Amino acid sequence: SQQGEEDPQALSIQEGENATMNCSYKTSINNLQWYRQNSGRGLVHLILIRSNEREKHSGRLRVTLDTSKKSSSLLITASRAADTASYFCATDEGGGFGNEKLTFGTGTRLTIIP
Amino acid sequence: SAVISQKPSRDICQRGTSLTIQCQVDSQVTMMFWYRQQPGQSLTLIATANQGSEATYESGFVIDKFPISRPNLTFSTLTVSNMSPEDSSIYLCSGIVTEAFFGQGTRLTVV
């Protein structure tokens, strides 16, 4: 299986603190994406980082990618109660635009304590 | 971004029966994907659905158990056949425009 590993599996922090989640994968990638899932519902796309990028920001989110270590991290700054969710990294299988199937990591369950 | 309407959102089914899950996309997408998420687990790809051709199944998944239809570029169905309690999971469909987007999932419980 090419499924990635994420750590920690679960993370609880106080509201206002920063949360960092890590993802490792096994194969070469075109891009890596992070998703959020609330209460076992549909996934919401957060951010995509391409293999030739090292860092990307979107609002309170910061993603890094180290292709030499086959790892990525997601940082959520100034966490809020609404950030409580499961977070998954996903890597594509290549093949070009429009036909990428994703391989998901094991996920991190984040709980923000008010 | 595109939107997928997935239904049903949840169902409780008797073992031995079948359930068909539908996904309607508000724009045309070349490929759609079906995933299974077992309780507390990550997503596992079941198959890739192409219009006008048979779906491509991942290892461990077979067409007889999970038949898929893709009659056009905005619609797909997944049927979970001859269900057993082990099929209790969340099933999600997905399409890709610039990035992957997902339906809200179908929470299936088999009793």
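My aim in this report is to walk through the structure given alongside it, one point at a time. Throughout this document, residue positions are counted from 1 along each chain, in the order its sequence is written. To label them, take the chains in the order written and letter them from A, then take the ligands in the order written and number them from 1. This being a predicted model, a pLDDT of at least 70 is required before a residue's local features are given, and a value of 80 or more before pairs of side-chain atoms are given or counted; all residues contribute to the totals for chains, interfaces and linings. As a rule here, side-chain values come from all non-hydrogen atoms in the structure, and water together with hydrogens is ignored.

1. Re the overall build of chain A
Selection rule: Strands are runs of DSSP state E lasting at least two residues, helices are runs of H or I lasting at least four, and both sets are numbered from the N terminus onward. The atom set for the radius of gyration is the C-alpha atoms, and the globule formula is 2.2 Å times the number of residues raised to the power 0.38. Throughout this description, buried means an accessible area under 20% of the type-specific maximum (1.4 Å probe, protein chains only), exposed means over 50%, and partly exposed covers the range between. All accessible areas in this document rest on Shrake-Rupley with a 1.4 Å probe, and a residue is counted as covered only by the protein chains that are shown. Under the counting rule used here, the positive set is Lys and Arg, the negative set is Asp and Glu, and His together with the chain ends is not counted. To locate a charge, take atom NZ for lysine, CZ for arginine, CG for aspartate or CD for glutamate.
When helices and strands are counted, chain A shows 0 helices and 11 strands. Traced from its N-terminal end to its C-terminal end, chain A shows the element sequence β-β-β-β-β-β-β-β-β-β-β. Here chain A has a C-alpha radius of gyration of 14 Å; the compact-globule value for 114 residues is 13 Å, and the two agree. If one aligns the C-alpha atoms of chain A with their principal axes, the spans along those axes are about 45 × 25 × 20 Å. Put simply, chain A has 114 residues, and 45% of those count as buried. Just so you have it, chain A exposes about 5,300 Å², and 45% of that area is on carbon and sulfur atoms. Both charge centroids of chain A, one from 13 positive and one from 12 negative side chains, sit 3 Å from each other.

2. Let's talk about the side chain of B:Ser42
Using the following cut-off: Side-chain atoms alone can form a polar contact between residues adjacent in sequence; in general such a contact is a pair of N or O atoms within 3.5 Å, and within protein one must be able to donate a hydrogen while the other accepts it.
Looking at the element boundaries, B:Ser42 is found in the loop between β4 (31-37) and β5 (43-50). Within the local environment of B:Ser42, its side chain forms a polar contact with the backbone oxygen of A:Gly105, the two atoms lying 2.3 Å apart.

3. Re the interface of chain B and chain A
Test applied: Contacts between residues were defined by any pair of non-hydrogen atoms, one from each residue, lying within 4.5 Å. The quantity reported as buried area is the accessible area (1.4 Å probe) lost by two parts once they are put together, taken as the sum for both. By definition here, a salt bridge exists when the distance from a side-chain nitrogen of Lys or Arg to a carboxyl oxygen of Asp or Glu is within 4 Å.
With 24 residues of chain B at the contact, the number on the chain A side is 21 residues. For the chain B and chain A pair, buried surface summed over both sides reaches about 1,700 Å², with 53% attributable to carbon and sulfur atoms. Among the residues chain B hides against chain A, the three largest losses belong to B:Ser42, B:Phe102 and B:Gln104. Together they make up 25% of the total. Applying the counting criterion to the chain B and chain A interface returns 0 salt bridges. For the pair chain B and chain A, the interface holds 6 residue pairs in polar contact (both at pLDDT 80 or more). Listing elements by their share of the side of chain B that touches chain A, those giving two or more residues are β4, β5, β9 (89-96) and β10 (100-102) of chain B.

4. So, the side chain of A:Asn31
Residues and elements named next belong to chain A. Relative to the assigned elements, Asn 31 resides in strand β4 (residues 31-37). Assessed through its relative accessible area of 7%, Asn 31 is described here as buried. A distance of 3.1 Å separates polar atoms of two side chains, one belonging to Asn 31 and the other to Gln 33. There is a polar contact of 3.0 Å between the side chain of Asn 31 and the side chain of Asp 92. Once you skip the residues sitting within four places of it in the chain, Asn 31 turns out to touch Leu 48, Ile 49, Arg 50, Ser 51, Ala 90, Thr 91 and Asp 92.

5. Some words on the pattern of salt bridges
All told, the structure shown has 4 salt bridges over all chains when counted by the stated rule. The residue A:Glu53 makes a salt bridge to A:Lys56 at a minimum N-O spacing of 3.9 Å. The exposure class assigned to A:Glu53 is partly exposed, which follows from its relative accessible area of 25%. The class for A:Lys56 is partly exposed, based on a relative accessible area of 28%. Of the charged contacts in the structure, one is a salt bridge between B:Asp87 and B:Lys65, with a shortest N-O distance of 2.6 Å.

6. Brief notes about the environment of B:Tyr91
Residue and element names in this part refer to chain B. Structurally, Tyr 91 can be placed in strand β9. A C-alpha to C-alpha distance of 21 Å links Tyr 91 and Gln 28, two positions 63 residues apart in sequence. Sequence-distant contacts of Tyr 91, defined by excluding residues within four places in its chain, comprise Gln 6, Ile 21, Tyr 35, Arg 36, Ile 46, Phe 66, Leu 78, Val 80, Gly 105, Thr 106 and Leu 108.

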